[in-house]
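Summary of structural features
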Amino acid sequence: KAALDAKPAKAPPAAAPATAKGAAKGAAKGRVHLELSEGTSNKFWEAWVEGSTLYVRFGRIGTEGQTKPKAFKTPAAAAAERDALIASKRKKGYA
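All values derive from a computational prediction rather than experimental measurement. Note on numbering: residues in each chain are counted from 1, in written sequence order. For this predicted model, a pLDDT threshold of at least 70 governs which residues receive local features, and a threshold of 80 or more governs which side-chain atom pairs are given and counted, while totals over whole chains, interfaces and linings are taken from all residues. Hydrogens are left out, water is left out, and the side-chain values use all remaining heavy atoms of the structure.

We define a nonpolar core as any set of buried Ala, Val, Leu, Ile, Met, Phe, Trp, Tyr and Cys residues linked to one another through side-chain atoms lying within 4.5 Å. In this scheme, a residue with accessible area under 20% of its type's maximum is buried, one over 50% is exposed, and one in between is partly exposed, where area comes from a 1.4 Å probe on protein chains only. Judged by nonpolar contacts, Val32, Leu34, Leu36, Trp45, Ala47, Leu54, Val56, Phe72, Ala78, Ile86 and Tyr94 together constitute the single largest core of 11 residues. Here a helix means four or more residues in a row that DSSP labels H or I, a strand means two or more in a row labelled E, and each is numbered from the N terminus. Looking at this core, the elements with two or more residues in it are β1 (32–38), β2 (41–50), β3 (53–60) and α2 (75–91). At 3 residues, the largest contribution of residues to this core is made by β1. In this structure isoleucine 86 touches Val32, Leu34 and Trp45, once residues within four positions along its chain are discounted. Contact definition: two residues touch when any of their heavy atoms are within 4.5 Å.

See below:
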């Protein structure tokens, strides 16, 4: 009976559709989508904050990729980590 009463684990939010390159401009408070297409690389990276959880979704362009959630103590801490990751990705050539 305990298995019947158990609530299913909460799934991460549905991934947003891919957006155009450079859509991250002015998106510091929302979902950020970056892409890298150099040589044989053809990948995307996306991040957003919901409450105090940072979600990062990444993979090859044209695939759904994978989503990794990371919990923080405060929404501000999650946003700060997202902003640091965005800066790091831009430094690596993502746009």
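Bringing the packing of aromatic side chains into the picture now. Stacked, edge-to-face and tilted labels apply to pairs of Phe, Tyr and Trp rings (six-membered ring for Trp) whose centres lie within 6.5 Å, assigned for plane angles under 30 degrees, over 60, and everything in between, in that order. Summed over all chains, the structure comprises 1 aromatic pair. Ring geometry for tryptophan 48 versus tyrosine 55: centroids 5.5 Å apart, planes at 15°, classification stacked. What makes tyrosine 55 buried here is its relative accessible area of 10%. Over the aromatic face of tryptophan 48 sits the side chain of arginine 31, whose NZ or CZ is 3.8 Å from the ring centroid. A ring has a charge above it when a Lys NZ or an Arg CZ is no more than 6 Å from the ring centre and no more than 35 degrees off the ring normal.

For the rest of this paragraph, the subject is the confidence of the model for the chain. Residue-level pLDDT values for the chain average 81, and 69% of them are 70 or greater. Per-residue confidence from the predictor is reported as pLDDT, a score between 0 and 100. Under a pLDDT of 50 for its full length, residues 6–11 has, in the predicted model, 0 contacts with residues more than four places off or in other chains. When the criterion is pLDDT under 50, residues 15–27 qualifies, and its contacts beyond four places in sequence or with other chains add up to 19 contacts.

In a helix, the anticipated span is given by 1.5 Å times the number of residues less one. The first and last C-alpha atoms of α2 sit 24 Å apart over 17 residues, in line with the 24 Å expected at 1.5 Å per residue. Taken residue by residue, α2 has Ala78, Arg82, Ile86 and Lys89 as its buried positions. The buried residues of α2 occupy one face: seen down the axis, they fall within an arc of 80°. Among the exposed residues of α2, those oriented more than 90 degrees off its buried face are Ala76 and Lys91. Throughout, the arc means that of the directions going from the helix axis to the C-beta atoms.

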